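Reading the structure
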Number of protein chains: 2
Amino acid sequence: MEKKVCVVGAGLVGAMLATRLAQRGMQVDVYERRPDLRKANIKAGRSINLALSDRGIRALEMVGASQRMRELSIPMHGRFLHDMDGHTSIMPYGREGQYINSISRGMLNAHLLDMAEQTGGVSLHFNSPCADVDLETATITVQDPATSQWVERPYEVIFGTDGAFSVARAKMLRTDRFNYSQQYISSGYKELSMPPLPDGRWALDKNHLHIWPRKRFMLIALPNLDGSFTCTLFLPFEGEVSFEQLVADEQVLAFFGQYFGDAKEKMDNLLHEWHSNATSSLVTVKTTPWHHKDKVLLLGDAAHAIVPFYGQGMNAGFEDVRILDGFMDKYPSWGALFAAYSQQRVADGHAIADLAVNNYTEMRDLVADPHFVKKRALSVRIGELMPQRWIPLYAMVTFSHMPYSEALRLGEKQDQILEQLVRQGIDSNSEPSDIAKAVLRYL
Amino acid sequence: MEKKVCVVGAGLVGAMLATRLAQRGMQVDVYERRPDLRKANIKAGRSINLALSDRGIRALEMVGASQRMRELSIPMHGRFLHDMDGHTSIMPYGREGQYINSISRGMLNAHLLDMAEQTGGVSLHFNSPCADVDLETATITVQDPATSQWVERPYEVIFGTDGAFSVARAKMLRTDRFNYSQQYISSGYKELSMPPLPDGRWALDKNHLHIWPRKRFMLIALPNLDGSFTCTLFLPFEGEVSFEQLVADEQVLAFFGQYFGDAKEKMDNLLHEWHSNATSSLVTVKTTPWHHKDKVLLLGDAAHAIVPFYGQGMNAGFEDVRILDGFMDKYPSWGALFAAYSQQRVADGHAIADLAVNNYTEMRDLVADPHFVKKRALSVRIGELMPQRWIPLYAMVTFSHMPYSEALRLGEKQDQILEQLVRQGIDSNSEPSDIAKAVLRYL
């Protein structure tokens, strides 16, 4: 594995992968269709901030990005729920000391690009769209920004980290026995902002992820380092309460007034942003396998684009890099490496995709559902009483490194047990011995 | 709807659709990448003969193809099962007088092309591959066979009947909120032949579909008009008994000798065909929606490629044309027509796709499974006793015109009832009054 390799896409996962490959001594060419986000004042393609948690953190530590990562992170210890009347409550994410982090996509990406360059082994090519990937020869066709000419460049292998609409994957789609699905949910999203208070402080508690759950839709807000919050409205495209119904200013204001009164007061640019910011769709992409022979491997959203409701998109992509890195010590050839990695990791990509879709229902709907709240509190309580035997699903996904597919499987088992217990009248306030006895009957 | 319309693909569904549109007074251009199969001696892209049943027949009657269709058809009244020891048994498809038909893909397609031309409204362009479909303007880019130049041709609307790897659909795949999946099953297939006996007669009973069910794999044979049978082996690609294990001549001969002894004796060209005929994969394609605005509509395999195990691929495609035709009287604009058709018919495409995959398990495995045989016989018996209340699933799919989605739903309900009855010790030999009483408890 000494020859030149190619990474298509210099987003979060591409930048981390290039860094890691160069740290392993490889020469890496990275092609990115957009300008260098460290120089150009470009809008991030998607969400402005992201939830960084343990899986992503371990991968960032692997490449040596820990310090800057911590500087950029705002810890969020739980869900800060806002009801229709403006009442609030807090639902911790895990045990004391367990939290997720709000982090700027752009600043983290910029740091990973800096790191990639500092390795000395990575050449970054911006404004260089990739038009084609020849899967049999690992040759890409890219546009040279200096001449605007399309040129072919052969490599030993190509890594496709070019996101949910990957060019490499589109090519693999046409190969025999390649399984693929893209499924959109019926809701879309729109990003809005909540500026800092006049004194520069955050308008809401900055150490929580704020949620306004409204059954068929929801608003969330994550803090930024500059004192602002980025708010995201998730709402059906069509139907009674939907994006298609919110056109005129008064409709938008009435909607926010009715459902998100306490937030609306703090969103100074609501109408302007409503009209100027895009309404975007949300897709789940599943593919099997993730590689083509010993030539091409997909990672990150290119392999498994997921909806954002578990806060795991970036974390799953970073974990791809860490797991691939671990496999590189075991497999001497690209072909064996790609096949073994795809064989193990595909099930985890499918699992986090399903978990993320399920969590949409949970966040917008079940957080406000007494039965769910009861089950969730009981699960947390069991985790406290029997920490060796019971890790709540959210914690397995967010604070552990067990395979996502294992977390999904255990989570389904836990849910069946919780249903049984609740039916028996056991809740988080029951006697610890009663809880333990009941759980052990099923575990 | 007076202007020129375009049909991409002159296969079975494209040829029927073009005929019907011209019968309605439209000017239709059809582009087909292959040569004219009526003139060139080309191999059919896929299976040589197909099972034609009631849904396909009704559509053929609609366009006026009844007489030729009957001349080309060989009725098959049931499944003719061959066990490992060469014993045989017959499982009728339905009631007396209900049968499916073996029909030549090539000859039927040729007749539909003749009919299309005879309308006077259809221009057929062969050797004219389509490289691109502009979804917003209904413009296609095709190669002119005379000049080899790629030319753009605008139309009022474009119909994509270009099969499982449709160009039009590939373009729709990149539009927002277009749901798509392609899933390959783990088995592939290979076509082989069983020539006529020296006196020209068929080597097996020609009025049945022959099946050699072997749990993980199976051989089937359908009769042709020339006295031969076309055999198809369905077998896993990989694993203990699989295509990858059958390479050398002696391996192939030993495999056929062990599992298909009575067939092998009659397959004179087995080894030659084994090596020269392709091993092909089997894919299910689902898409939602089937149209793009008022410009493009997919029909047949382009919209819903399915595996062949229910014998419904061609029938479903022909039924698409018949149902679309029915909608054309109701909807004055292309946009309303496409939306209404897609809205109703997509669920049926998904349903027949699922039914076809399920039937693979049934044909290769459950036909030889006593529990399944018992349930199936009981279902047929209930159908005889209560014909107004109970139509067996196979008959609903094959001999009725109810929506596939309805057949799937009723079939699932029937299966639950059959499970209950068998558990209670009721079978097809039970007293009619006992059967009726038990069924009515659940219906």
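Everything below is about the structure printed above this text.
Residues numbered from 1 in each chain as written. Chains lettered and ligands numbered in written order. Predicted model: local features only at pLDDT ≥ 70, side-chain atom pairs only at ≥ 80, totals over all residues. Heavy atoms only, no water.

Let us now look at the overall build of chain A. Regarding its fold elements, chain A presents 15 helices and 19 strands. Against the globule reference of 22 Å for 443 residues, chain A gives a C-alpha radius of gyration of 23 Å, in line with a compact fold. Seen through its principal axes, chain A has C-alpha atoms that stretch 65 × 55 × 40 Å. Within chain A, the proportion of its 443 residues that are buried is 54%. Restricting to contacts in chain A with at least 6 residues of sequence separation, those with at least 24 account for 70%. Carbon and sulfur atoms provide 49% of the accessible area of chain A, an area that totals close to 18,700 Å². Computed over 47 positive and 52 negative side-chain charges, the separation of the two mean positions in chain A equals 4 Å. (Helix = DSSP H or I, 4+ residues; strand = E, 2+ residues; numbered from the N terminus. Rg over C-alpha atoms; globule rule 2.2 N^0.38 Å. Buried < 20%, exposed > 50% of the residue type's maximum accessible area, 1.4 Å probe, protein only. Contact = heavy atoms within 4.5 Å. Areas by Shrake-Rupley, 256 points an atom, 1.4 Å probe, with all protein chains shown as cover. Lys, Arg positive; Asp, Glu negative; His and termini not counted. Charge placed at Lys NZ, Arg CZ, Asp CG, Glu CD.)

Residue and element names in this part refer to chain B. Counting across every chain of the model gives 1 cavity of 30 Å³ or more. Lining the largest cavity are Asn 49, Leu 72, Ile 74, Ser 102, Ile 103, Ser 104, Pro 223, Asn 224 and Leu 225. Residue contributions to the lining of the largest cavity peak at 3 residues, all from strand S7 (residues 100-104). Here the residues of the lining of the largest cavity are counted per class, giving 5 nonpolar, 4 polar and no charged. Residues from two domains meet in the lining of the largest cavity; each of domain 1 (5-74 + 102-181 + 283-359) and domain 2 (184-281) gives at least three. (1 Å grid on protein atoms, 1.4 Å probe; cavity = no way out; pocket = protein on both sides within 12 Å on 5 of 7 lines; lining within 4 Å. Points joined across faces, edges and corners; volume = space filled by probe spheres on them. Nonpolar A, V, L, I, M, F, W, Y, C, P; charged D, E, K, R; others polar. Domains from an automatic or database assignment.)

This part covers the interface of chain A and chain B. In this complex, chain A contributes 15 residues to the contact, which on the side of chain B involves 15 residues. With both sides pooled, the region where chain A packs onto chain B buries about 1,400 Å², and carbon together with sulfur makes up 38% of that total. Area buried by chain A at its contact with chain B is led by Arg 177, Gln 182 and Tyr 184 of chain A, which between them contribute 41% of it. Applying the counting rule to chain A against chain B returns 2 salt bridges. (Buried area = accessible area lost by both parts, 1.4 Å probe. Salt bridge = Lys/Arg side-chain N within 4 Å of Asp/Glu carboxyl O.)

This part covers the side chain of Ser 242 of chain A. Residue and element names in this part refer to chain A. Relative to the helices and strands, Ser 242 resides in the loop between strand S16 (229-236) and helix H6 (249-259). Ser 242 sits in the buried class, given a relative accessible area of 0%. Not counting residues within four places of it along the chain, the set of residues in contact with Ser 242 comprises Leu 235, Pro 236 and Phe 237.

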